Every structure is written in C-alpha cells, then in structure tokens.
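In case you want the letters, here they are:
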Amino acid sequence: MAQQTAWGWKRIVLVGAGIAAAIVLLLVATAVAGLVWATSAAERLGEPAPEPVASTLATRDAGAHAAAAANLEQPLRVEIELEEGEFEVRSGPPGTGVQVVGAYAKAYYELTERHTPAGEPGGPATVIRLRPTQSFVVRLLGSTLGGHDGAHNALTVTIPRDVPIALSLRLRTGETRTDLGGLILTDLDAELSMGEHRLDFSEPLAGRPHRIRVAGGMGEIRLERFGNAGPRELDVEGRMGSLTVDLGGDWPLGAVADVSLDGAMGEFRLDVPNTVRIAPDSNASNVLGATSQPPAGSDPGPEAPLVRLHLTNAMGETRVRRY
C-alpha cells in the first residue's frame, strides 16, 4: 500500500514537471517567434530616418479668439501629446497660430495635427500628437540595425500670445523644455514622465489662471518661476525621481495661492522666495522619510503674496528652501 502511494506521488511530480517544462518551452518558442517577427518588421521598415515637418494650425480664427481674450469665455483648447524624443513647447508671436517645426521618424511614429474651428462640435480646439506606431521591440531593433543610436524625434511647438489658451500637455520619454511665459493661459494640465523635463514661466502671463496641475512620473523634473503664472491653485504630484518646484517670479500684489505638493517616492524640493509669505496654517507630513517644516523667512509685508502650503510624501525627502 505504501509503495502504491509513493508511486502515485511520483507520477504526480513527473506530470507536474512535464507540464512546467512544456510551459517553459512554449514561452521560449513564443519569445523567439516574436523576436524573429520584430527583426523582420524592423528590416522591412528600414532605418528610422527623421523626416522634416513644418505646419501651422488655427491661423484663420486666431483673431476671433484674440477678441475674446478680455473675458476668456471661449479659450482655444490646445492638446499636445509628444512621446520619445527631444521636444520644446514655447510661446510664439501673436497672429501666427499654433506651429509645429522639426523632424520625426515617420516609419516608426505618427504625427497627428488637427484643428477644429469655433462653432463646430468640440471647437475651438487644436490637437497635436506624436505617438509610436510600432511596438517597443520593433523600435528598439530598428534603432540598432546598422549601428544607429536610435530614432531621433525633435519637434518644437509654438503657441501664439494673442489667443486665450486652455492647455493640456502630455510629454513622455525624452528630454523636454517648455516655456509658457507671456501666454494668455486660462488653464494648464500637464503630465511629465520618463525623462528630463523642465516647465518654466520666463515672464508673467497675460492673466491669472485659476488652477495649474502638474503630474510628474519617473525622471528629473524642474518647475520654475511659477510666480509669473500666479495660479490661485497649484497642484503638483510626483511619483518617482527628482522634483523641484520654484515659486519665484512676479506674483500679483496681494495674491493668495494654495500650493499642494503630493509625492509618492523620491526627492522633492520646494523653493519659496523671501518676497512671498507662507501662511501660518501651512502643513507638511511624511510617512517614511523626512519633511522639513516650512520656514518663516523674512517679513515682506502684509501686501506681499501669500502661499498656503500642503506638503505630503509617502516615501522620500521633502525640503522647503527660502531664498
């Protein structure tokens, strides 16, 4: 009886080992087949040679939006989504429309440019998207075939200064430089992830947006001179990596702003100039790590801008610096 039981267990073990070996072989075969297919696709597509692009959108109705700039009732909704490359987004001269200039690897990526005029469903809106059309493995193989360093996408998007803009930014995987100084910005929702990103306001905005939201993913992110934007609410989220937020710039006199910095994991730094007051009911908390309490700094006077800070970090370090 004992021998039968032992033999039964051996059969179960052997069957289980056979099934596991079959699964492993199937996975290996699938991986090899996928690699062969990806290599064939990359060879068929050829080298990821960048092709030039130069286009202008929303030129005709820019003047109509400029006439509405005083009340900001109908801003031009601009959606910019760029992935994998070196990108620049900045303000441009008035009356020029939204412009896209540069080059991209057309065989591996798709550039979509669409403008919906005012009066049509969903308008006025301008959408610019650069997305990969091939899988990551195909793009990786395509960039290495023939000894190339990679598919280099380099685009510059300029936004006219004379149009009220509700801006949505999605910049992923690469190096980006964004300068929105001088725009008529009614709203900003930005997502910056996987790479090195800088979002700056080099000069004051023409108008004060109610809310600015920035979500940062993995990588190094710098948000600079947000006082020139002067938002009533600034919400910044950091998920992993290094995040620096600078509240310097020309805040409106007597401005009051709620500034929230919510971190999940990483190193976060908030720089507050001495010309800005920090509200006494500001708060900071940390689950694992360290958070410096907001320093008082010098007294710039009762008319100086006031920021109310809400700082949280689940894991990592949050530092507040006066300068």
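Residues numbered from 1 in each chain as written. Predicted model: local features only at pLDDT ≥ 70, side-chain atom pairs only at ≥ 80, totals over all residues. Heavy atoms only, no water.

**Thoughts on the overall build of the protein**
Here is step 1: Assigned secondary structure in the protein consists of 3 helices and 15 strands.
Here is step 2: By the burial criterion, 42% of the 323 residues in the protein qualify as buried.
Here is step 3: For the protein, the proportion of contacts with a sequence separation of at least 24, taken over those separated by at least 6, is 68%.
Here is step 4: Accessible area of the protein: about 15800 Å², with a carbon and sulfur share of 57%. (Helix = DSSP H or I, 4+ residues; strand = E, 2+ residues; numbered from the N terminus. Buried < 20%, exposed > 50% of the residue type's maximum accessible area, 1.4 Å probe, protein only. Contact = heavy atoms within 4.5 Å. Areas by Shrake-Rupley, 256 points an atom, 1.4 Å probe, with all protein chains shown as cover.)

**Focus: the environment of Glu220**
Here is step 1: Take Glu220: it is sitting in strand E9 (residues 211–224).
Here is step 2: Measuring from C-alpha to C-alpha, the distance between Glu220 and Gly195 comes to 6.4 Å, with 25 residues separating the pair along the chain.
Here is step 3: Not counting residues within four places of it along the chain, the set of residues in contact with Glu220 comprises Gly195, Glu196, His197 and Ser242.

**Details of the side chain of Thr178**
Here is step 1: Relative to the assigned elements, Thr178 resides in strand E7 (residues 164–179).
Here is step 2: In contact with Thr178, other than residues within four places in its own chain, are Val89, Leu169, Leu171, Arg198, Leu199 and Asp200.

**Quick look at the packing of aromatic side chains**
Here is step 1: On inspection of all chains with the given rule, the structure shows 1 aromatic pair.
Here is step 2: Geometrically, the ring pair formed by Phe201 and Phe226 is edge-to-face, given 5.0 Å between the ring centres and 80 degrees between the ring planes. In this pair, Phe201 sits in the loop between strand E8 (184–200) and E9 while Phe226 sits in the loop between E9 and strand E10 (233–246), placing the two residues 25 residues apart along the sequence. The pair Phe201 / Phe226 is uniform in exposure class, with both members buried. (Phe/Tyr/Trp six-rings, centres within 6.5 Å; stacked < 30°, edge-to-face > 60°.)

**Thoughts on the nonpolar core**
Here is step 1: In terms of nonpolar packing, the biggest core is built from 61 residues, with Leu167, Leu188, Leu223 and Leu247 touching the most fellow members.
Here is step 2: Sort the elements by how many residues they give to this core and strand E2 (residues 76–92) lands first, with 6 residues.
Here is step 3: The residues contacting Leu223, other than those within four sequence positions of it, are Leu192, Leu199, Val214, Val236, Leu243, Thr244, Val245 and Asp246. (Core = buried A, V, L, I, M, F, W, Y, C linked by side-chain atoms within 4.5 Å.)

**Description of the pattern of salt bridges**
Here is step 1: Under the defined criterion, the tally for this structure stands at 24 salt bridges.
Here is step 2: Close ionic contact of Glu224 with Arg198 constitutes a salt bridge, the shortest N to O distance being 3.0 Å. Linking Glu224 in strand E9 with Arg198 in strand E8, this pair joins segments that are 26 residues apart in sequence.
Here is step 3: Assessed through its relative accessible area of 32%, Arg198 is described here as partly exposed. (Salt bridge = Lys/Arg side-chain N within 4 Å of Asp/Glu carboxyl O.)

**Notes on a nonpolar patch on the surface**
Here is step 1: On the surface, Met194, Met218, Met240, Met265 and Met315 cluster together into a nonpolar patch covering about 430 Å² of accessible area.
Here is step 2: Looking at the element boundaries, Met218 is found in strand E9. (Patch = residues over 30% accessible without salt bridge, like charges linked within 9 Å, V, L, I, M, F, W, Y side chains within 5 Å.)

**Comments concerning unusual backbone geometry**
Here is step 1: For the bond running from Gly123 to Pro124, omega is -5 degrees, close enough to zero to count as cis.
Here is step 2: The topology assignment puts Pro124 in the loop between strand E4 (109–116) and strand E5 (125–132).
Here is step 3: Residues other than glycine seldom take positive phi values, yet Met194 does so here, at roughly 55 degrees.
Here is step 4: Note that Met194 resides in strand E8.

**Observations regarding the confidence of the model for the protein**
Here is step 1: For the protein, mean pLDDT is 83; residues scoring 70 or higher make up 79% of the total.
Here is step 2: Across the protein, the secondary-structure element scoring lowest on mean pLDDT is helix H2 (residues 62–67), at 48, and the one scoring highest is strand E6 (residues 154–160), at 96.
Here is step 3: In the predicted structure, residues 65–71 sits below a pLDDT of 50 and forms 12 contacts with residues beyond four places in sequence or in another chain. (pLDDT = per-residue confidence, 0-100.)

**Some words on the environment of Gly254**
Here is step 1: By the secondary structure assignment, Gly254 is in the loop between E10 and strand E11 (256–263).
Here is step 2: For Gly254, a relative accessible area of 40% gives the class partly exposed.
Here is step 3: A sequence separation of 49 residues divides Gly254 from Glu303, and the C-alpha atoms of the two residues are 5.0 Å apart.
Here is step 4: In this view, Gly254 contacts Glu303 and Pro305; residues no more than four positions away in its chain are not counted.

**Things to note about the pairing of E11**
In summary, the side chains of a regular strand alternate between the two faces of the sheet.
Here is step 1: Taking every second residue as pointing to the same face, the buried face of E11 carries Ala257, Val259, Leu261 and Gly263, while none of Val256, Asp258, Ser260 and Asp262 on the other face is buried.
Here is step 2: Where E10 and E11 come together, 6 bridges link them in parallel fashion. Opposite Asp235, over in E11, you have Ser260 as the bridge partner.
Here is step 3: Pairing analysis gives 8 bridges linking E11 to strand E15 (residues 306–322), with the strands arranged parallel. Each residue of the ladder has a partner; that of Asp258, found in E15, is Arg308. (Pairing = 2+ DSSP bridges.)

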